[in-house]
Amino acid sequence: MNIFVLTGAGVSAESGLGTFRDKDGSGIWARFDPMKLATPEAFAKNPEDVHAFYNARRQNLIKAAPNAAHEALARLEAELTTRGGALTLVTQNIDDLHERAGSKSVIHMHGELLKARCALCDDVTAWRGDLGRSTECLACRRAGQMRPHVVWFGEMPLAMDEIAESIARADLFVAIGTSGAVYPAAGFVAAARRSGVATCEINLEPSDNAEWFDAARYGRASVEVPAWVEEVLAKVDARRAAPSA
Ligand code: OAD
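To keep things clear, this report deals only with the structure shown in the data block. (Residues numbered from 1 in each chain as written. Predicted model: local features only at pLDDT ≥ 70, side-chain atom pairs only at ≥ 80, totals over all residues. Heavy atoms only, no water.)

### Quick notes on the overall build of the chain
Step number 1: Counting secondary structure elements, the chain contains 9 helices and 9 strands.
Step number 2: Its C-alpha atoms give the chain a radius of gyration of 19 Å, near enough to 18 Å, the size a compact globule of 245 residues would have.
Step number 3: Dimensions of the chain along its principal axes, counting C-alpha atoms only, are 65 × 40 × 35 Å.
Step number 4: When each of the 245 residues of the chain is scored for burial, the buried share is 49%.
Step number 5: For the chain, the share of sequence-separated contacts (at least 6 apart) that also reach a separation of at least 24 residues comes to 64%.
Step number 6: For the chain, the accessible surface area stands at approximately 11,700 Å², while carbon and sulfur atoms represent 52% of it. (Helix = DSSP H or I, 4+ residues; strand = E, 2+ residues; numbered from the N terminus. Rg over C-alpha atoms; globule rule 2.2 N^0.38 Å. Buried < 20%, exposed > 50% of the residue type's maximum accessible area, 1.4 Å probe, protein only. Contact = heavy atoms within 4.5 Å. Areas by Shrake-Rupley, 256 points an atom, 1.4 Å probe, with all protein chains shown as cover.)

Here it is as structure tokens:
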């Protein structure tokens, strides 16, 4: 079985990392204006504010730990592979909690907070400290244009061709912990359906595009994802055990 999983902020919520747009108004974008913090224009106009926002998020991330949902997805990857299947894990999250839980292959379509990029020479490097206007690029030695290696509003998400190909050849598309409010990721479920791929969402509540999913499980990711992974692996085992016609 070939499974495509798309994760969003809800998968990391129980690790203490905030979501962006929760219905109770506690999301990050209810407290901070994304247009002033997560656009190339904001970085050009107010780099100090942008750096302060991402520096604080980076330090929070370093203190956080993966939860049972991240761990179950790492297990799914390992166990599917030993059974001749495959998992494509695409995340909108800029945290590294999937990797810390043991996932070997993760596509970060919105970039990675623990990397920095030089806007002058494009060099990307691992980064755990703060960034500022005086930070020098380790590659070209110029200062002033080091930025978090994240995708901002108005920028192109990463690995889109690879993602489109993986969706088209999947047997099952599953969206976990994402509101379905931000494109292009919100459109992946429609692409899956056009390719005849079965679709399922796991979320605290119905997402904005809930009607596109064939199946749904609503509840906390730390509970629902491990239960779903158990069911999937049991199904794969049952198919393998069934005598072929
Ligand atoms: P959102 O904050 O938009 O949605 C998070 C979803 O997770 C909501 O539907 C919640 O109901 C759900 N949720 C919250 N806690 C949960 C839990 N414990 N278990 C399961 N689900 C839970 O986050 P994303 O959809 O990831 O982009 O947001 C997409 C993009 O918007 C982000 O990558 C970011 C943001 O702007 C950029 O910064 C470019």
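### Section: the sheet that holds strand β5 (residues 124-126)
Step number 1: Across the sheet, 3 strands lie side by side as β5-β4-β6; this open sheet has antiparallel pairing. One side of each edge strand has no neighbouring strand; the edge strands of this open sheet are β5 and β6 (146-150). Taking the axes of each pair of neighbouring strands and ignoring which way they run, one obtains an average angle of 45° across the sheet.
Step number 2: Pairing geometry for strand β4 (residues 111-118) and β6, over 5 bridges, is antiparallel. Its bridge partner lying in β6, Gly 111 is registered against Val 150.
Step number 3: Relative to β4, helix α4 (residues 47-63) is tilted by about 135°, and along the sheet it contacts β4 and β6. (Pairing = 2+ DSSP bridges. Axes fitted to C-alpha atoms, helices over the stretch in contact; angles between N-to-C directions.)

### Things to note about unusual backbone geometry
Step number 1: Tyr 183 connects to Pro 184 through a cis peptide bond whose omega is 10°.
Step number 2: With respect to the element layout, Pro 184 can be found in the loop between β7 (172-176) and α8 (188-194).
Step number 3: A positive phi is found at Arg 141, a non-glycine position, where the angle reads about 65°.
Step number 4: Assignment of secondary structure puts Arg 141 in the loop between β5 and β6.
Step number 5: Although it is not a glycine, Ala 159 adopts a positive phi angle of roughly 60°.
Step number 6: Mapping Ala 159 onto the fold places it in the loop between β6 and α7 (160-168).

### Let's talk about the pairing of β7
Step number 1: Taking burial as the measure, the 5 residues of β7 include 5 buried ones, the bulk of the element.
Step number 2: Side chains of β7 alternate between two faces, with Leu 172, Val 174 and Ile 176 and Phe 173 and Ala 175 buried alike.
Step number 3: Bridge analysis of β7 against strand β8 (residues 198-203) gives 5 bridges, and the strand direction is parallel. In the sheet register, Leu 172 faces β8, and the bridge partner there is Ala 198.

### Some points on the sheet that holds strand β2 (residues 86-91)
Step number 1: With respect to topology, 6 strands assemble into an open sheet ordered β3-β2-β1-β7-β8-β9, the strand pairing being parallel. Two strands in the sheet have a free side with no partner beyond their single neighbour: β3 (106-108) and β9 (215-218). This sheet shows a mean twist of 15° between the axes of neighbouring strands, independent of strand direction.
Step number 2: Bridge count between strand β1 (residues 2-7) and β7: 5 bridges; the pairing is parallel.

### Considerations on the nonpolar core
The tendency in soluble globular proteins is for nonpolar side chains to be buried as a group.
Step number 1: Ranked by internal contacts, the top residues of the largest apolar core, which has 23 residues, are Ile 3, Val 5, Leu 76, Val 174, Val 225 and Trp 228.
Step number 2: At 7 residues, helix α9 (residues 221-241) tops the list of elements feeding residues into this core.
Step number 3: Contacts of Val 225, omitting those with residues within four sequence positions, involve Ala 69, Ala 72, Leu 73, Ile 176 and Ile 202. (Core = buried A, V, L, I, M, F, W, Y, C linked by side-chain atoms within 4.5 Å.)

### Structural notes on the state of the cysteines
Step number 1: Inspection of every chain in the model, using the stated rule, returns 0 disulfides.
Step number 2: With no disulfide of its own, Cys 137 lies closest to Cys 121 among cysteine sulfurs, the gap being 3.7 Å.
Step number 3: This cysteine, Cys 140, is not joined by any disulfide, and Cys 137 carries the nearest cysteine sulfur, 3.8 Å off. (Disulfide = S-S within 2.5 Å.)

### Notes on the packing of aromatic side chains
Step number 1: By the definition in use, this model includes 10 aromatic pairs.
Step number 2: Between Phe 20 and Trp 29 the ring centres are 5.3 Å apart and the planes differ by 35°, which places this aromatic pair in the tilted class.
Step number 3: Judged by relative accessible area, which is 23%, Phe 20 ranks as partly exposed.
Step number 4: Exposure remark for Trp 29: the relative accessible area of 18% places this residue in the buried category.
Step number 5: Consider the rings of Trp 29 and Phe 53, whose centres lie 5.8 Å apart with planes at 25°: the pair is stacked. Note that Trp 29 is positioned in helix α1 (residues 28-31) and Phe 53 in helix α4, a separation of 24 residues in sequence.
Step number 6: An aromatic cluster of at least three residues, connected via ring pairs, comprises Phe 20, Trp 29, Phe 32, Phe 43, Phe 53, Tyr 54, Trp 152 and Phe 153.
Step number 7: Lying across the ring of Trp 152, Arg 147 places its NZ or CZ 3.8 Å from the centre. (Phe/Tyr/Trp six-rings, centres within 6.5 Å; stacked < 30°, edge-to-face > 60°. Lys NZ or Arg CZ within 6 Å of the ring centre and 35° of its normal.)

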